[in-house]
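Here's the letter readout for the chains.
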Amino acid sequence: MPTFSNPVLAGSRPDPSVCRVGEDFYLVTSSFAYYPGLPVHHSRDLVDWRPLGHVVDRPSQVSLTGLDVSDGLWAATIRHHQGTFYVVVTLARGRRGSTTYLFTASDPAGPWSDPVALDAEGIDPSLFFDDDGRCWFTACRDAAEPEVTGPGELWLRELDLATLELTGPVHALWYGALRGAWVEAPHLYKRDGVYHLIAAEGGTEHHHAVTAARADSVTGPYTTDPRSPLLTHRHRGAAEPIHNVGHVDLVDTPAGETWAVALGIRPTDGTHTLGREVFLVPVEWTDRGPVFAPETGRVGLSQRRPAGLASAPAVPDGPRVPDGPVRDAFAGGSLRPEWNSLRGPVDHLVSPDPAEGGLTIRLSPEPLTSTGTPAFIARPQQHLRMRAATRARLTAPAPGQETGLVIFQNDRRHATLALTVDSDGTLRVVLTAVEAGTASRLGAVPVTGSEVVLAVDSDESAYTFHVEDGSRTTVGSVERPFFSTERAGGFVGVHLGLYGTSGAGEGVARVRWFEYAPGDAGNDG
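In short, a report on the structure. (Residues numbered from 1 in each chain as written. Predicted model: local features only at pLDDT ≥ 70, side-chain atom pairs only at ≥ 80, totals over all residues. Heavy atoms only, no water.)

Some details on the pairing of strand 28 (residues 359–362)
Okay, so step 1: Inspection of the sheet shows strand 27 (residues 350–352) paired to strand 28 by three bridges, in the antiparallel sense. Counterpart to V350 in the pairing with strand 28 is I361.
Okay, so step 2: Hairpin connection of strand 27 to strand 28: six residues between the antiparallel strands, including G357 at a positive phi of 80 degrees. (Pairing = 2+ DSSP bridges. Helix = DSSP H or I, 4+ residues; strand = E, 2+ residues; numbered from the N terminus.)

What about the pattern of salt bridges?
Okay, so step 1: Enumeration over the complete set of coordinates arrives at 42 salt bridges.
Okay, so step 2: The residue R428 makes a salt bridge to D424 at a minimum N-O spacing of 3.4 Å.
Okay, so step 3: Here R487 ties to E479 by a salt bridge, and the two come within 3.0 Å at their closest N and O atoms.
Okay, so step 4: Given a relative accessible area of 39%, R487 falls into the partly exposed group.
Okay, so step 5: Each of D68, D71, R95, R343, D411 and R412 takes part in a single network of salt bridges with overlapping partners. (Salt bridge = Lys/Arg side-chain N within 4 Å of Asp/Glu carboxyl O. Buried < 20%, exposed > 50% of the residue type's maximum accessible area, 1.4 Å probe, protein only.)

Structural notes on the sheet that holds strand 14 (residues 165–174)
Okay, so step 1: Taken in spatial order, the four strands make up an open sheet running 11-12-13-14, and their pairing is antiparallel. Two strands in the sheet have a free side with no partner beyond their single neighbour: strand 11 (123–129) and strand 14. Looking at each pair of strands side by side, their axes are set apart by 25 degrees on average, direction ignored. (Axes fitted to C-alpha atoms, helices over the stretch in contact; angles between N-to-C directions.)

Topic: the sheet that holds strand 33 (residues 427–435)
Okay, so step 1: The strand order 29-38-31-32-33-34 describes an open sheet built from six strands, whose pairing is antiparallel. With one partner strand each, in any of the chains shown, strand 29 (376–380) and strand 34 (438–446) form the two edges of the open sheet. Within the sheet, the average angular offset between the axes of one strand and its neighbour, ignoring direction, is 20 degrees.
Okay, so step 2: As judged from the five bridges shared by strand 29 and strand 38 (residues 495–501), these two strands associate in the antiparallel manner. Across the sheet, R379 pairs through a bridge with L496, a residue of strand 38.

Focus on the packing of aromatic side chains
Okay, so step 1: Under the criterion given, the structure shown has 13 aromatic pairs.
Okay, so step 2: Their ring planes at 25 degrees and their centres at 6.4 Å tell us that F32 and F491 sit as a pair that is stacked. Of this pair, F32 sits in the loop between strand 3 (24–28) and strand 4 (34–35) while F491 sits in the loop between helix 2 (485–488) and strand 38, and the two are 459 residues apart along the sequence.
Okay, so step 3: In this structure F32 comes out as buried when scored by relative accessible area, which is 3%.
Okay, so step 4: With a relative accessible area of 25%, F491 lands in the partly exposed category.
Okay, so step 5: Between F137 and W155, the ring centres sit 5.5 Å apart and the planes meet at 55 degrees, which makes this aromatic pair tilted. Linking F137 in strand 12 (residues 135–142) with W155 in strand 13 (residues 152–160), this pair joins segments that are 18 residues apart in sequence. Taken individually, F137 and W155 each receive the classification buried, so the pair is uniform in this respect.
Okay, so step 6: One aromatic cluster is present, formed by F32, W74 and F491 through successive ring pairs.
Okay, so step 7: The side chain of R327 reaches across the aromatic face of W513, ending 3.9 Å from its centre.
Okay, so step 8: Just above the ring of Y516 sits the side chain of R379; from NZ or CZ to the centre is 4.0 Å. (Phe/Tyr/Trp six-rings, centres within 6.5 Å; stacked < 30°, edge-to-face > 60°. Lys NZ or Arg CZ within 6 Å of the ring centre and 35° of its normal.)

A closer look at the nonpolar core
Okay, so step 1: The biggest cluster of nonpolar side chains holds 43 residues, and the ones touching the most others in it are I361, V429, F465, L498 and F514.
Okay, so step 2: When near neighbours in sequence (up to four residues on either side) are disregarded, V429 contacts L417, A418, L419, G443, A444, V445, V447, V452, L454, V467 and V475.
Okay, so step 3: Counting 32 residues, the second largest nonpolar core, distinct from the first, contains C140, A199, F376 and Y499. (Core = buried A, V, L, I, M, F, W, Y, C linked by side-chain atoms within 4.5 Å. Contact = heavy atoms within 4.5 Å.)

As for the pairing of strand 8 (residues 84–93)
Residues in a regular strand project their side chains so that they alternate between the two faces of the sheet.
Okay, so step 1: Within strand 8, eight of the ten residues are buried, which leaves the element mostly enclosed by the surrounding structure.
Okay, so step 2: The turn linking strand 7 (residues 72–81) back onto strand 8 is made up of two residues, and Q82 within it adopts a positive phi angle of 50 degrees.
Okay, so step 3: Bridging between strand 8 and strand 9 (residues 96–105) involves nine bridges; their strand directions are antiparallel. Residue V87 lies in a different strand from strand 9, and its bridge partner there is F103.
Okay, so step 4: Taking the residues that link successive antiparallel strands as the turn, the strand 8-strand 9 hairpin has two residues, and the phi of G94 there is positive, at about 60 degrees.

Re the side chain of S351
Okay, so step 1: Residue placement: S351 occurs in strand 27.
Okay, so step 2: Its relative accessible area of 17% is what places S351 among the buried residues.
Okay, so step 3: Side-chain polar atoms of S351 contact the side chain of R362, separated by 2.9 Å. (Polar contact = N/O pair within 3.5 Å; in protein donor to acceptor, adjacent residues only side chain to side chain.)

Given below as structure tokens:
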């Protein structure tokens with residue numbers, strides 16, 4: 001029996017939502033304060049995914065300026081109805097829902113519309129199109145009487161598709177199966193005339209779980225599925241390779257199977273650095289409702305492939321999400337789709353050379369510790385064991401200027417391996433760790449030329465940093481848990497980046513290439 005390896009999208013791709021149009025599947029994930037926002041992926045088999053574009057690719061659509069890395073665009077839902085794609089999403093500030101936006105497009109590759117702000121409170125919005133063509137909006141919010149009902153409430157209101165406004169009465173649907181836990185991530189499905197409300201409870205960490213309720217009418221009343229939680233790994237031991245499973249969305253295949261996309265993590269010794277990733281889980285419908293992973297009751301690293309689907313996506317012709325070695329020479333004049341900046345575009349600061357290849361970084365006074373938009377691009381780390389390297393140089397270097405590699409968890413916790421000029425005028429490669437916004441120099445190596453290879457290797461224990469300037473020299477290391485979500489907080493995984501800062505002056509850095517290669521074994525899926 002053909003199998004695939006979970007996760008199907010590795011490295012900080014949380015809160016997946018999926019829909020199908022004909023033979024094509026489309027998936028969107030959270031992007032937080034990274035830009036462009038809300039990546040859209042395409043597949044024909046639910047296993048191999050290609051990036052199509054982003055819902056938010058113009059600063060005029062949504063402002064992310066000043067936001068914490070773990071705020072921004074949270075938990076979008078993608079749906080399709082009568083030739084139009086819809087995405088609803090929360091913009092979060094201070095870890096709370098601020099504004100709910102609705103985007104539309106005729107092509108999921110874009111362009112997507114400017115957003116419509118909906119009169120909706122809370123987070124985790126979703127859309128459900130009923131058989132009669134009416135559209136219903138759901139989300140979660142604080143309950144009005146938490147001491148009576150529990151802390152969270154799932155609610156529903158109709159969306160007028162002509163005006164794109166919420167209309168009619170608000171219906172409180174459900175307060176969850178696990179009283180005392182906040183209920184979130186609602187999605188509605190209809191099966192044999194019954195409405196099934198699937199949600200998540202227990203938080204997005206170890207106690208994360210999928211729960212459910214059902215009703216004969218879309219507006220309720222909803223009755224808790226007594227089997228809840230329907231899917232969780234909260235009861236499994238530390239040796240379980242996948243934890244924190246939840247936040248599912250369901251999709252039917254043309255062959256009649258149902259599959260769920262779910263988020264989960266792959267921890268090592270109790271901490272994880274790769275972020276929340278996308279896992280694929282089979283679902284079987286019974287007269288009691290959906291059964292997740294019916295053969296095992298758990299999400300596995302290896303799973304049978306969906307039946308009757310092509311073995312690889314047929315369109316578009318663009319690159320797959322890289323899951324193996326990649327050497328990016330920045331040819332063609334545009335960045336590959338896996339690269340992101342923070343809070344806004346950096347075209348004026350970071351630009352590929354369409355004629356000769358390579359990347360020019362115009363050094364910026366905006367530091368990585370700010371909540372602005374520094375001269376910085378990054379891609380998610382996808383493998384616990386990996387090597388990343390770049391060949392970089394400073395043009396006419398001056399004190400205070402630096403360029404190099406960054407292992408980025410957030411603006412308050414990251415490490416840089418920088419080619420820089422010290423105050424004494426010596427060109428050095430310096431390893432610096434930033435914790436709680438405070439920088440500590442961990443090592444420095446003088447170099448003879450203005451162009452060197454900077455590299456980092458990661459494994460279960462540490463990130464080890466090297467410089468190659470005629471020979472290979474280890475500059476220092478940082479323990480792996482330093483970059484973990486458990487230590488840093490927030491919702492994002494490690495991103496591997498390139499950056500350039502100038503202090504108070506101006507300067508230019510040149511990057512010839514960047515390469516990423518997964519390790520040979522270990523907890524990499």
